[in-house]
Amino acid sequence: PSLGRIPAMNFTGPDRHIGGQLMATSGPLARSVGDVRLAFAAMAVEDLRDPWWIPAPLHGPPMPKRAALCVAPEGLEVMPEVERALREAAGRLEAAGWTIVETACPPLRKAVDIQLMLWLAEFRRGAGDAIAKEGDPDAIFVYDQMQQLCPAPGIEALMDGLQMRAKLCREWQLFLHDNPVLLCPVSGELPFADQLDVQSPQAFRRCWQAQLTQIGIPLMGLPALTVTTGRVGKVPVGVQLVAGRYREDLLLTAGEIIEPGEAVTAPQD
């Protein structure tokens, strides 16, 4: 959901620092877009304990049925199965009367850099010590890899990053005004094998790089919806939809068109 759409309050700890305040949101998971719609409406009710909560309506003004298709944002390496899912999803929207425009999207890699800098600035003020004290080898490994990706910034870098965030928000808002829905990958790869990211530094970077859209989009506070489109063998595959701030209604409408007729559940064997 958009930043400020669903209220949150942590009763067991202090408020987050600025990275978490700008990017951390909670949203529903469900087996159908219809169920997501119901849960989303229930979760978005007023709670003034969250100073970021905004009383935005659940439905915005009509927008053109126009979706931008970006198969490989900023040169993201995309598996053929992921591209096929994207084009199939675009075809379902087109069959329902939507106009599909294949185009590049605004920057995401710079957004990833700023997102990592803001989150790690928070972790370095105490959470990193807690990770070391807990002693979980996987958590320690992941934290170490993330620190290598982002050396500790000074106050000037933090301020420059927040300034750049405003520019990125502006570019994305303008793009999503002209293209009310963006259709892009959830990940450049199909779901990874369990624990792949902690097998080696190379495996960690592979997972990190494949998930460009998941890491970058939250920086701008934009809503996004992941919709499963089917399976590749036993592995589920899907697409990600992005819209302007507080236009979750557009995502849900498009998602209901894209989702398959029957729920695609994870295999149990």
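Here, every reference points to the structure presented above.
For clarity, every value in this text was computed on a predicted model and none was experimentally measured.

Peer 1: Please clarify how the pattern of salt bridges should be interpreted in this entry.
Peer 2: Pairing of side chains with opposite charge becomes possible as their charged atoms draw close. Under the criterion given, the structure shown has 8 salt bridges. Glu 256 is the partner of Arg 37 in a salt bridge, and the nearest nitrogen-oxygen pair spans 3.0 Å. With Arg 37 in helix α2 (residues 33-43) and Glu 256 in helix α9 (residues 248-258), this pair connects stretches of sequence that are 219 residues apart. Salt bridges here are not isolated pairs; linked through shared partners, they connect Glu 83, Arg 87 and Glu 102.

Peer 1: Before we go on, may I ask you to explain unusual backbone geometry in this structure?
Peer 2: Trans is the common state for peptide bonds, and a negative phi is the common state for residues other than glycine. If you check the backbone angles, Glu 74 has positive phi at about 50° while not being a glycine. Along the chain, Glu 74 turns up in the loop between β1 (66-69) and α3 (80-95). Phi is positive for Gln 195, close to 70°, though the residue is something other than glycine. Of note, Gln 195 is situated in the loop between β3 (181-184) and α7 (201-210). Look at Gln 195 and you get partly exposed, because its relative accessible area is 39%.

Peer 1: How should I be thinking about the environment of Gly 13 in this particular structure?
Peer 2: The residue Gly 13 is located in the segment before α1 (18-23) in this model. Taking C-alpha positions, Gly 13 is 34 Å from Gly 34, a pair spaced 21 residues apart along the chain.

Peer 1: Please explain the nonpolar core as it appears in this structure.
Peer 2: One broad trend across soluble globular proteins is that nonpolar side chains are buried collectively. By size, the foremost hydrophobic cluster in this structure holds 38 residues, and its most contacted members are Trp 172, Leu 182, Leu 219 and Met 220. Of all the secondary-structure elements, those providing two or more residues to this core are α1, α4 (109-134), α5 (137-149), α6 (155-178), β3, α7 and α8 (212-216). Of all the elements, α4 adds the most residues to this core, at 9 residues. Setting aside residues up to four positions removed in sequence, Leu 219 forms contacts with Met 23, Ala 111, Ile 114, Gln 115, Leu 118, Arg 165 and Leu 168.

Peer 1: Please explain the pairing of strand β2 (residues 99-102) as it appears in this structure.
Peer 2: The side chains of a regular strand alternate, residue by residue, between the two faces of the sheet. Pairing of β1 with β2, which is carried by 4 bridges, proceeds in the parallel orientation. Along β2, the bridge assignment pairs Ala 67 with Ile 100.

Peer 1: Is there a simple way to explain α5 in this structure?
Peer 2: Residues three or four positions apart in an α-helix share a direction because the helix packs 3.6 residues into each turn. Given a rise of 1.5 Å per residue, 13 residues ought to cover 18 Å, and the 19 Å separating the end C-alpha atoms of α5 matches this to within 8%. Looking at α5, one finds that the buried residues are Phe 141, Tyr 143, Gln 145 and Met 146. Elements in contact with the buried residues of α5: α4 and α7. Near the N-terminus of α5, the side chain that reaches the backbone nitrogen of Asp 138, with its oxygen 3.2 Å away, is that of Asp 136.

Peer 1: Explain the sheet that holds β1 here, please?
Peer 2: In spatial order, the strands read β2-β1-β3-β5-β4; together these 5 strands make up an open sheet with mixed pairing. The strands lining the two open edges of the sheet, one partner per strand, are β2 and β4 (224-232). Averaged over all pairs of adjacent strands, the angle between their axes in this sheet comes to 25°, without regard to strand direction. Across 3 bridges, β1 lies against β3 in parallel orientation. In the sheet register, Leu 69 faces β3, and the bridge partner there is Leu 183. On the sheet, α3 packs against β1, β2, β3, β4 and β5 (235-243) and is oriented at approximately 55° with respect to β5. Contacting β1, β3 and β5, α6 crosses the sheet at an angle of about 100° to β3.

Cut-offs and rules
Residues numbered from 1 in each chain as written. Predicted model: local features only at pLDDT ≥ 70, side-chain atom pairs only at ≥ 80, totals over all residues. Heavy atoms only, no water. Salt bridge = Lys/Arg side-chain N within 4 Å of Asp/Glu carboxyl O. Helix = DSSP H or I, 4+ residues; strand = E, 2+ residues; numbered from the N terminus. Buried < 20%, exposed > 50% of the residue type's maximum accessible area, 1.4 Å probe, protein only. Core = buried A, V, L, I, M, F, W, Y, C linked by side-chain atoms within 4.5 Å. Contact = heavy atoms within 4.5 Å. Pairing = 2+ DSSP bridges. Expected span 1.5 Å × (residues − 1). Polar contact = N/O pair within 3.5 Å; in protein donor to acceptor, adjacent residues only side chain to side chain. Axes fitted to C-alpha atoms, helices over the stretch in contact; angles between N-to-C directions.

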